[in-house]
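Summary of the model geometry
Here are the chains, one letter per residue:
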Amino acid sequence: MRRDFSVALEETLNTELLNHLVRSDGQEDLIFATYSLSKGTNRMFGTLTEIIYPDEGDREVHGNAEFYPSYLRHAISIALKKKEGLAFLHSHPFPGWQGMSPTDITAEKRIAPSIYGATGFPLLGMTTGNDGTWSARFWVKNHKKKRRYTRKWCSSVRVVGNGLKISFNDNVLKPNFDSEKQLRTISAWGKDTQEDLSRLKIGIVGLGSVGSIVAEILARTGISYFVLIDFDTIEKKNLDRTAGVFEKDIGKSKVDAIAKAIKKSATSPKITIKKSEYSICEEKGFRNALDCDLIFSCVDRPWPRQVLNFLSYAYLIPVIDGGIKIRTNSSNSKLIGADWRSHIIGPGRVCLECMGQYSSEMAKLESEGFLDDPEYIEGSSIKLPSEFHENVFPFSAHLAAMEVLHSLSMIISPSGISNIGEKIYHFVTGTIDSERKECASNCFFPSIISKGDALNLVLVGRHKKAEISRKGR
Ligand SMILES: [Zn+2]
Ligand SMILES: [Zn+2]
């Protein structure tokens, strides 16, 4: 049984909805929209896909708003055609998170059965305040009692685009911070921001050098919900590059060791860590990632990057990604150059494939096991990122900080700037370059924004290396 409920919507769709719902004359208004229902391990969430505008005579606005049966029938027929769920959205003329009036409850209870009956998906009810703060709930059919529908309040509604703006439901998900331990942090960006940060569910995929440092930074900063995803085991060779890991941790899973480390570093009074000893390319790891609001990608292989690229667009979970490239002189192994880059992928931003961070051909080779076949690699011209690139702690620490800074820009939006583009740091010259690339016109990923589980595209599968790694512990 999933215990967390949530909703996500893309930024431009959110603007269109608010333009319709938040009226300059101060009256309430309503609208229908379709949504795709997706399932993480612990979270069920909807991603809004299309607005169904009312036609003339579909509704009446008189202080509050009412719709006629023709509008509901029309909306259901569109949802049916798309094989998606239906959301009913309305506005209130006050700011902040909105509860439901008795009339609201009656209205949603009345339409929940016909919408579930027709589409097979629960009604998603949403209310916005006049400042764009959302509240949301699913009306889930109670299978024990016929015709009974139970209201499940969503813990959060996130709007994803240039920024990541999340409306939290205080009754379901309380802020969780320690104003004494976090005195300096709170004085930097204020209590409201800290309240939001303390409720974010953050995934870290890959707990090597960069991932372990990202985890440490976030735990100190007051993040309270972590999903750690990595199938690997700590080895002696990891000790010079991994934060919070010591000799006695050799042989343990990376997620176990890092979970223990960040429990000690955490400044939040209550830290919740989901440990996932899987690859993001395995079904279980993938579903664990869908429980998150935001993900750090600290992997450099093509297959996991392809999965994370897909996830950021289809499920509206922004992915912060980065990578380090070191060049050495092959004759005397002297360092010639080192560059690292950090960027966010998701709606409105260039995808990892168009950025040249992986290719589908290589992802396919990896998923078929060829990249872990030494004979195959030897006979080809392929150079694997993880084996090819050496790495050192200070480079990883800098990149980890850059990635966290990227996430903070997106969440806090200081002076209204939330998209700082892609950043590339050059170690030799000490300079930072900025880029703002766009996806190729024929790129697949912008076409799958918000489609979620409805897309039915399976990129995950068996991951032999992960299976062997788990068995070896
Ligand atoms: Zn209302
Ligand atoms: Zn692209």
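Residues numbered from 1 in each chain as written. Chains lettered and ligands numbered in written order. Predicted model: local features only at pLDDT ≥ 70, side-chain atom pairs only at ≥ 80, totals over all residues.

Our focus in this paragraph is the overall build of the protein. Per the secondary structure count, the protein includes 13 helices and 19 strands. The globule rule puts the C-alpha radius of gyration for 473 residues at 23 Å, and the 23 Å found for the protein is close to it. Its C-alpha atoms give the protein principal-axis dimensions of roughly 80 × 50 × 45 Å. Expressed as a percentage of its 473 residues, the buried residues of the protein come to 45%. (Helix = DSSP H or I, 4+ residues; strand = E, 2+ residues; numbered from the N terminus. Rg over C-alpha atoms; globule rule 2.2 N^0.38 Å. Buried ≥ 20, exposed ≤ 12 C-beta atoms within 10 Å, placed from the backbone.)

With that settled, consider the sheet that holds strand β2 (residues 30–39). Within a beta sheet, neighbouring strands are joined by backbone hydrogen bonds and run either parallel or antiparallel to one another. Across the sheet, 9 strands lie side by side as β9-β8-β7-β6-β2-β3-β1-β10-β11; this open sheet has mixed pairing. Two strands close off the open sheet at either side, each with one partner strand: β9 (149–153) and β11 (164–168). Geometrically, the sheet is characterised by an average inter-axis angle of 30 degrees between neighbouring strands, direction not taken into account. Pairing of β2 with strand β6 (residues 85–91) involves 6 bridges; the strand directions are antiparallel. When the bridges of β6 are listed, Y35 appears paired with G85. Where helix α1 (residues 11–21) meets the sheet, its contacts fall on β1 (4–10), β2, β3 (43–52), β6, β7 (123–128) and β10 (156–160), and the angle it forms with β1 comes to roughly 90 degrees. (Pairing = 2+ DSSP bridges. Axes fitted to C-alpha atoms, helices over the stretch in contact; angles between N-to-C directions. Contact = placed C-beta atoms within 7 Å.)

Sheet architecture is open: 8 strands sit in the order β14-β13-β12-β15-β16-β17-β18-β19, paired in mixed fashion. Since the sheet does not close on itself, it has two edges, and those belong to β14 (272–276) and β19 (431–435), each with one partner. Across the sheet, the mean angle from the axis of one strand to that of its neighbour is 15 degrees, orientation sign disregarded. Sitting on the sheet, helix α6 (residues 254–265) is in contact with β13 (225–229) and β14, with an inclination near 170 degrees to β14. Relative to strand β17 (residues 335–345), helix α12 (residues 393–412) is tilted by about 20 degrees, and along the sheet it contacts β15 (294–297), β16 (319–328), β17 and β18 (422–426).

Because the α-helix completes a turn every 3.6 residues, residues three or four places apart line up on one side. Along α1, the positions that sit buried rather than exposed are L13, N14, L17 and L21. The arc that holds the buried residues of α1, viewed along the axis, is 100 degrees, so those residues lie on one side. Its buried side turned inward, α1 meets β1, β2, β3, β6, β7 and β10. (Arc of directions from axis to C-beta.)

Turning to the pairing of strand β8 (residues 134–141), a few remarks are in order. Burial analysis of β8 places 6 of its 8 residues in the buried class, which makes it a mostly covered element. One ladder, built from 6 bridges, connects β7 with β8; its direction is antiparallel. If you follow G125 over to β8, its bridge partner there is R137. Connecting β7 to the next strand, β8, in antiparallel fashion are 5 residues, including G132 with a positive phi near 85 degrees. Here 5 bridges tie β8 to β9, and the two strands are oriented antiparallel to one another. Of the residues in β9, the one forming a bridge with F138 is K152.

Moving on, we come to the domain arrangement of the protein. As far as domains go, the protein holds domain 1 (4–168) and domain 2 (183–471). Each of domain 1 and domain 2 has a C-alpha centre, and the two are 33 Å apart. Each partner contributes to the interface: domain 1 provides 26 residues, whereas domain 2 provides 25 residues. Across the side of domain 1 that touches domain 2, the residue classes tally to 7 nonpolar, 11 polar and 8 charged. (Domains from an automatic or database assignment. Nonpolar A, V, L, I, M, F, W, Y, C, P; charged D, E, K, R; others polar.)

Note on placement: F226 falls in strand β13. Considering only alpha carbons, one finds F226 and A65, 161 residues apart in sequence, at a separation of 41 Å. Sequence-distant contacts of F226, defined by excluding residues within four places in its chain, comprise I202, I204, I262, I273 and K274.

Further remarks concern unusual backbone geometry. The backbone phi angle of L316 is positive, close to 55 degrees, even though this residue is not glycine. Counting through the fold element by element, L316 comes out in the loop between α8 (302–314) and β16.

Here the focus is the packing of helix α5 (residues 209–221) against α6. At a minimum axis separation of 8 Å, α5 and α6 run at an interaxial angle of 25 degrees. The angle between the axes of α5 and α6 places the two elements in the roughly parallel class. When the axes of α5 and α6 are compared, the crossing they make is right-handed. Contacts from S212, A215, E216, A219 and R220 of α5 reach α6 at I258, I262 and S265. Among the residues making up the contact of α5 with α6, the classes are represented as 4 nonpolar, 2 polar and 2 charged. (Parallel < 35°, antiparallel > 145°, perpendicular 65-115°, else oblique. Left-handed = near helix turned anticlockwise from the far one by under 90°.)

Mapped onto the elements, M126 comes out in strand β7. Judged by local crowding, M126 falls into the buried class, with 25 C-beta atoms found within 10 Å. Sequence separation between M126 and G348 is 222 residues, and the spatial gap between their C-alpha atoms is 24 Å. Look past the residues within four positions of M126 in its chain and what remains in contact with it is V7, A87, L89, W134, S135 and A136.

Our next topic: the nonpolar core. Counting 112 residues, the largest nonpolar core has A87, I204, V205 and A289 as its most contacted members. Top contributing element to this core by residue count: α8, with 7 residues. Taken domain by domain, this core gets at least three of its residues from each of domain 1 (4–168) and domain 2 (183–471). Leave out the neighbours within four places in its chain, and V205 touches I229, I280, A289, I295, F296, S297, C298, V299, P304 and L308. (Core = buried A, V, L, I, M, F, W, Y, C linked by C-beta atoms within 7 Å.)

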